[in-house]
Amino acid sequence: MDTINFISSLRQQALLLSDYNAYRQMCSRRLAKLRKRLGRVSDPTRKDSRPAPVTAEDLAKDPTYAHLLLYSSERAWAHAMHMKSFSSDSAESTSRAMRDHIRSRLAKAASHAASLRDLYSDPASTATDTDVVEAAAYAASLEGAVAFEKTHWEDTLQKFAISKISYDALAVGVEKKGELYKEFLTSNVEPSIRYAAYQMGIPRTTDIAQLARQFFPKEGRHAQTGLATRIEKLNVKSFRADVGGEEMEGVEQTIAINTVAWRGRKAAVEDDNIAVALGTAQKVEEDLRKLTTTMDRKISAEDFDGLLLSWQDCVDETKKAIDKAVTEGVSTADPKLQKLHLIYTYVNYNLISWRIGRNRFMVEDIEAKLKQVTSVELGKLKELVVLYNAILQSVDQVTELPGVAADEEFCKELEAKRGFFAALRCAAIAPSHIEHNSRNTLALYYRALTYLSSSIPSLRSPAKDSTETIRNLNISLQEATSLKQEVEAQVTRHRGLIQLQDYVAKAAKNAPSAHAPLIDTLEAYNGKVDFSNLVPLPPKVEPVPVKPIFFDIAWNFVEYPQQQRKEVTVQEPAKAQEATPKKGGFLGGLFGR
């Protein structure tokens with residue numbers, strides 16, 4: 001019976017459905033069909049009738065009986081996830097009844113999975129070691145989810161430790177399905193182990209595999225009878241962590257760092273968490289340096305993430321120790337607090353230095369792509385400027401660390417390094433102005449040359465290793481001198497280009513076609529007449545000067561149409577009266593009619 005493959009195919013369909021409730025309904029339908037096919041349907045005429053339980057003999061006869069338990073388990077799990085999806089948006093408003101219901105459904109799913117694990121452990125089922133370990137890993141992950149919801153962090157670690165070690169052993173013992181087991185590990189098991197360890201106050205630098213070995217229940221109520229033996233059959237090294245040929249119980253004593261040196265001063269590391277974090281960070285740093293020397297593959301920017309996370313853990317642990325000392329009322333002049341501040345500066349400097357190293361690695365990658373194209377790509381240039389701005393910001397952060405301002409020599413060195421990166425930024429911006437304004441390009445390159453000229457005298461210390469491929473905040477004098485030579489060449493080149501542009505513009509200005517036509521220059525003598533430029537063709541619309549007297553004369557001849565209309569309207573009634581004959585008569589003449 002292939003338990004994990006069956007569960008994986010089911011959950012892939014759940015992802016396609018994008019709805020846990022639909023996945024739950026699908027499991028219910030398939031469970032009903034399977035019960036009907038296997039003859040395990042409950043009697044509807046009887047009250048509280050339940051199907052007969054699955055036995056080890058049923059599994060030996062037909063492995064499909066295991067699907068009854070798996071469908072039931074997945075149905076309950078989907079129900080819990082469906083309710084949890086509603087409560088995840090507003091965890092504070094989730095009622096207690098809802099949380100209890102979620103735990104109940106997860107416990108139901110875990111009980112079905114545990115039943116399958118117990119049946120496979122029975123010799124009558126004729127199950128292989130792989131079947132037993134797969135069922136145990138699946139059941140432990142569900143039991144761990146129940147403990148996680150109950151915030152029982154130690155139980156959570158113990159249950160997920162079983163899943164972690166089981167899946168690791170299966171990935172080694174069953175090579176064909178290694179990626180499938182890794183997917184189950186990375187999706188739920190490892191994040192749960194990390195979070196439970198954080199809740200228990202375990203340092204984040206502790207390896208997950210070490211945590212799983214430490215919390216794997218070998219005795220007590222969580223112990224799995226015979227499971228450890230079956231796991232070792234799949235992978236002999238499941239419960240061993242050999243360092244220097246000896247089996248160790250924990251990594252803390254092996255990789256702990258006792259002393260830190262910074263700018264000629266030393267500080268003893270008294271906090272165990274800081275010592276372990278420092279040891280882990282240095283180990284990851286060594287691994288990254290070894291990776292650059294191998295020719296198996298080219299490193300990427302993602303390879304720096306683990307190292308940056310390790311140094312960030314060192315910063316967090318040191319900051320936590322400082323805050324604790326301040327809370328306890330320790331004076332700032334106390335040697336213990338002074339040592340912690342020195343360690344804090346040291347770990348922060350390393351974190352910032354490797355962050356700059358990652359950005360410089362990304363810069364090299366972009367510059368390599370720019371060399372492959374002939375035209376200027378503004379998008380890539382913008383990415384370069386963003387990276388250089390981040391580098392300059394990181395250098396400024398170094399100057400703000402405790403104790404740095406008092407070290408004048410170190411401050412001069414940081415200022416020189418800042419000038420070096422500022423010159424690189426100017427050199428990255430300059431090509432974007434070539435097409436529109438070459439003078440801006442020359443000005444930017446000249447500014448970069450100014451930065452380098454003032455920075456090189458302070459760059460006395462060479463890089464740690466001249467053969468090192470990773471460049472962080474260490475800048476060699478040879479590197480700065482080489483960059484200065486390149487910038488000087490660009491300054492000389494663009495000076496020559498601007499001189500040529502000025503010469504061409506001046507020649508174009510003095511060209512015959514640039515002179516005014518002959519008709520406009522008749523008052524001046526010109527010994528050389530350009531017969532192709534006598535008059536402008538086509539003629540342009542231009543104002544013509546006119547004497548004012550012409551306007552005065554023209555005013556006398558202006559007739560306004562409106563005035564003519566008024567005269568016409570006044571004359572017409574008079575003519576109408578003359579045309580109307582007067583009434584005669586004695587009385588009319590007497591009274592003036």
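Located above this text is the structure these notes cover.
Before going into details, it helps to say that this report is about the structure given with it.

Conventions we followed
- Residues numbered from 1 in each chain as written.
- Predicted model: local features only at pLDDT ≥ 70, side-chain atom pairs only at ≥ 80, totals over all residues.
- Heavy atoms only, no water.
- Helix = DSSP H or I, 4+ residues; strand = E, 2+ residues; numbered from the N terminus.
- Buried < 20%, exposed > 50% of the residue type's maximum accessible area, 1.4 Å probe, protein only.
- Contact = heavy atoms within 4.5 Å.
- Areas by Shrake-Rupley, 256 points an atom, 1.4 Å probe, with all protein chains shown as cover.
- Core = buried A, V, L, I, M, F, W, Y, C linked by side-chain atoms within 4.5 Å.
- Salt bridge = Lys/Arg side-chain N within 4 Å of Asp/Glu carboxyl O.
- Patch = residues over 30% accessible without salt bridge, like charges linked within 9 Å, V, L, I, M, F, W, Y side chains within 5 Å.
- Axes fitted to C-alpha atoms, helices over the stretch in contact; angles between N-to-C directions.
- Parallel < 35°, antiparallel > 145°, perpendicular 65-115°, else oblique.
- Left-handed = near helix turned anticlockwise from the far one by under 90°.
- Phe/Tyr/Trp six-rings, centres within 6.5 Å; stacked < 30°, edge-to-face > 60°.
- Pairing = 2+ DSSP bridges.

Of the regular secondary structure elements, the chain holds 21 helices and four strands. Out of the 593 residues belonging to the chain, those deemed buried represent 38%. Within the chain, contacts between residues at least 6 apart in sequence are counted, and of these 68% link residues at least 24 apart. Summed over all atoms, the accessible surface of the chain reaches about 36400 Å², with 53% contributed by carbon and sulfur.

Right, let's get into helix α9 (residues 208-215). The buried fraction of α9 is high, at six of eight residues. Along α9, the residues that are buried comprise I208, Q210, L211, A212, R213 and F215.

Our next topic: the nonpolar core. Among the nonpolar cores identified, the biggest contains 74 residues, and L278, W311 and F421 are the most heavily contacted of them. Every element with two or more residues in this core is listed here: β3 (259-262), α12 (272-293), α13 (305-327), α14 (335-371), α15 (378-399), α16 (408-429), α17 (438-455) and α18 (477-509). Here this core takes 16 residues from α14, the largest share from any one element. If we ignore the near neighbours within four places in the chain, the residues touching W311 are L278, A281, E285, Y346, V347, N350, L351 and W354.

Here we come to the pattern of salt bridges. Inspection of the entire model under this criterion finds 21 salt bridges. Close ionic contact of D118 with R117 constitutes a salt bridge, the shortest N to O distance being 3.5 Å. Residue classification places R117 among the buried positions, given a relative accessible area of 11%. With its nearest N and O atoms 2.8 Å apart, the salt bridge here joins D502 to R439. Linking D502 in helix α18 with R439 in helix α17, this pair joins segments that are 63 residues apart in sequence. With a relative accessible area of 48%, R439 lands in the partly exposed category.

A separate point is a nonpolar patch on the surface. Taken together, the side chains of I519, L522, V529, F531, L534, V535 and L537 make up a nonpolar region of the molecular surface, amounting to roughly 710 Å² of accessible area. Here L534 shows up in the loop between α18 and α19 (548-556).

Cis geometry marks the peptide bond from L537 to P538; its omega dihedral reads -10°. Following the sequence through the fold, P538 ends up in the loop between α18 and α19. We note that T126 has phi near 55°; this positive angle belongs to a residue other than glycine. With respect to the secondary-structure elements, T126 resides in the loop between α5 (96-121) and α6 (129-149). With phi around 60°, T151 is a residue other than glycine that occupies positive phi space. One can find T151 in the loop between α6 and α7 (153-173).

In this section: the packing of α16 against α17. Where α16 contacts α17, the axes come no closer than 8 Å and their chain directions differ by 165°. As summarised for this structure, α16 and α17 are arranged roughly antiparallel, according to the angle between their axes. As for how α16 packs across α17, the hand of that crossing is left-handed. Judged by residue contacts, E415, A416, G419, F420, A422, A423, C426, A427 and I429 of α16 engage L444, Y445, R447, A448, Y451, L452 and S455 from α17.

Applying the stated criterion across every chain yields a total of 13 aromatic pairs. When the centroid spacing of 5.6 Å and the interplanar angle of 45° are considered together, the rings of F148 and Y195 count as tilted. Of this pair, F148 sits in helix α6 while Y195 sits in helix α8 (residues 178-199), and the two are 47 residues apart along the sequence. Residue classification places F148 among the partly exposed positions, given a relative accessible area of 25%. Judged by relative accessible area, Y195 falls into the partly exposed class, the value being 39%. Seen from their ring centres, W153 and Y195 are 5.6 Å apart, and the 75° between their planes marks the pair as edge-to-face. In this pair, W153 is assigned in helix α7 and Y195 in helix α8, connecting sequence segments 42 residues apart. Aromatic rings pair up to connect Y20, Y23 and W77 into one cluster.

The pairing of β3 with strand β4 (residues 265-268) spans four bridges and is classified as antiparallel. Looking across to β4, one finds that A261 is bridged to K266. Where β3 folds back onto β4 in an antiparallel hairpin, the turn is made up of two residues, including R263, whose phi is positive at roughly 55°.

Relative to the helices and strands, C27 resides in helix α2 (residues 20-38). Judged by relative accessible area, C27 falls into the buried class, the value being 0%. Distance in space between the C-alpha atoms of C27 and L70 is 9.3 Å, their sequence separation being 43 residues. Non-local contacts of C27, meaning those with residues more than four positions away in its chain, are made with Y71, E74 and R75.

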